[in-house]
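Descriptive structure summary
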Amino acid sequence: MRHPSVGGGWLAYVSGAFAPPATAAGDAPDANTGEVGTLVIPRKVPLKVEPKVNLANERTFLAWLHVIVVLAAASATIVTYSKGEGLVDQLYGIVLLPVSVAFLFYALWQYMRRALLIKNREPGPFIDVAGPTTLTVILMASIIAQFCAKLNAVYEN
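First, a word on scope: everything that follows refers to the structure included in this document.

Reading the values: rules and limits
- Residues numbered from 1 in each chain as written.
- Predicted model: local features only at pLDDT ≥ 70, side-chain atom pairs only at ≥ 80, totals over all residues.
- Heavy atoms only, no water.
- Helix = DSSP H or I, 4+ residues; strand = E, 2+ residues; numbered from the N terminus.
- Buried < 20%, exposed > 50% of the residue type's maximum accessible area, 1.4 Å probe, protein only.
- Contact = heavy atoms within 4.5 Å.
- Areas by Shrake-Rupley, 256 points an atom, 1.4 Å probe, with all protein chains shown as cover.
- Core = buried A, V, L, I, M, F, W, Y, C linked by side-chain atoms within 4.5 Å.
- Lys, Arg positive; Asp, Glu negative; His and termini not counted.
- Salt bridge = Lys/Arg side-chain N within 4 Å of Asp/Glu carboxyl O.
- Polar contact = N/O pair within 3.5 Å; in protein donor to acceptor, adjacent residues only side chain to side chain.
- Expected span 1.5 Å × (residues − 1).
- Axes fitted to C-alpha atoms, helices over the stretch in contact; angles between N-to-C directions.
- Parallel < 35°, antiparallel > 145°, perpendicular 65-115°, else oblique.
- Phe/Tyr/Trp six-rings, centres within 6.5 Å; stacked < 30°, edge-to-face > 60°.
- Lys NZ or Arg CZ within 6 Å of the ring centre and 35° of its normal.
- Nonpolar A, V, L, I, M, F, W, Y, C, P; charged D, E, K, R; others polar.

Section: the overall build of the protein chain
Each helix and strand counted, the protein chain has four helices and zero strands in total. In sequence order, the protein chain lays out its α and β elements as α-α-α-α. Burial analysis of the protein chain (157 residues in total) assigns 20% to the buried set. Here the analysis covers contacts within the protein chain between residues at least 6 apart in sequence; of these, 62% occur between residues at least 24 apart. Here the protein chain has roughly 10800 Å² of accessible surface; of this, 68% comes from carbon and sulfur atoms.

Put into structure tokens, the structure is as follows:
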């Protein structure tokens, strides 16, 4: 699949609906497949990895952890200070905790994957389009479900 930074579109990357271009007669098949890395000329010298690359990876991981702490703290606060004893009143906090855990596993997975790419001095790709999109959809769905449950509870009373 062609990576978005190599000329593919975001939607084609997420859906996997990208068709590589047809190869011309006599061309090397690797040059026209559209696969990531086939358009990169192999390096003859070792790739120098500066310390700022590792620090950028850690900084990104810490930014994700900041979001996770905010979501988990909001979840705990909502469960602790919900006025009612019913499940609907505490549903806000109960639903946010698994979402924050999903964010935690994603952030850890991305950090480890990028650290391995940096350690092995591989050229990438370092971006991930599907992960943040999926987490955003999960967070939106949980907020909408919470809002609908609370609206239903208010409507019934």
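Thoughts on the environment of Ile78
Topologically, Ile78 is positioned in helix H2 (residues 51–81). Sequence separation of Ile78 and Gly93 is 15 residues, and the distance between their C-alpha atoms is 5.0 Å. Excluding residues that lie within four positions of it along the chain, Ile78 makes contacts with Tyr92, Gly93 and Leu96.

Looking at the nonpolar core
Ranked by size, the top nonpolar core spans nine residues in total: Phe61, Ile68, Leu71, Leu96, Val99, Phe103, Tyr106, Ala107 and Leu135. Breaking this core down by element, the ones donating at least two residues are H2 and helix H3 (87–119). With sequence-adjacent residues up to four places away left out, Phe61 is seen in contact with Ala107, Leu108 and Tyr111.

What about the side chain of Asp128?
Inspection of the secondary structure assignment puts Asp128 in the loop between H3 and helix H4 (130–156). Buried Asp128, no salt bridge; nearest opposite-charge side chain is Arg113, N-O distance 5.8 Å. At 2.9 Å, the side chain of Asp128 forms a polar contact with the side chain of Tyr106. Within the local environment of Asp128, its side chain forms a polar contact with the backbone nitrogen of Gly131, the two atoms lying 3.3 Å apart.

Notes on H2
The first and last C-alpha atoms of H2 sit 44 Å apart over 31 residues, in line with the 45 Å expected at 1.5 Å per residue. Inspection of H2 places Asn57, Phe61, Ile68, Leu71 and Ser75 among the buried residues, and these make up the whole buried set. Contacts made by the buried residues of H2 are with H3 and H4.

Quick look at unusual backbone geometry
Of note in the backbone geometry, Arg121 takes a positive phi value of approximately 55° without being a glycine. Secondary-structure assignment places Arg121 in the loop between H3 and H4. For Arg121, a relative accessible area of 44% corresponds to the partly exposed category.

A closer look at the packing of H2 against H3
Between H2 and H3, the least distance of the axes is 7 Å, while the angle of their chain directions is 170°. One way to sum up the angle between H2 and H3 is to call them roughly antiparallel.

Overview of the packing of aromatic side chains
Considering all chains together, one arrives at four aromatic pairs under this definition. Aromatic side chains Trp64 and Phe103 sit 5.8 Å apart centroid to centroid with 55° between the ring planes, which places their arrangement in the tilted category. Of this pair, Trp64 sits in helix H2 while Phe103 sits in helix H3, placing them 39 residues apart in sequence. Feature note: the residues Trp64, Phe103, Tyr106 and Trp109 constitute an aromatic cluster, connected by ring pairs. In this structure, Arg113 packs its charged tip against the face of Trp109, placed 5.8 Å from the ring centre.

Overview of the packing of H3 against H4
Packing of H3 against H4 brings their axes to within 9 Å, and their N-to-C directions diverge by 175°. The angle between H3 and H4 places the two elements in the roughly antiparallel class. Between H3 and H4, the residues in contact are Val88, Asp89, Leu91, Tyr92, Val95, Leu96, Val99, Ala102, Phe103 and Tyr106 and Gly131, Pro132, Leu135, Ile138, Leu139, Ser142, Gln146, Phe147, Ala149, Lys150 and Ala153, respectively. Taken together, the residues of the contact of H3 with H4 break down into 16 nonpolar, three polar and two charged.

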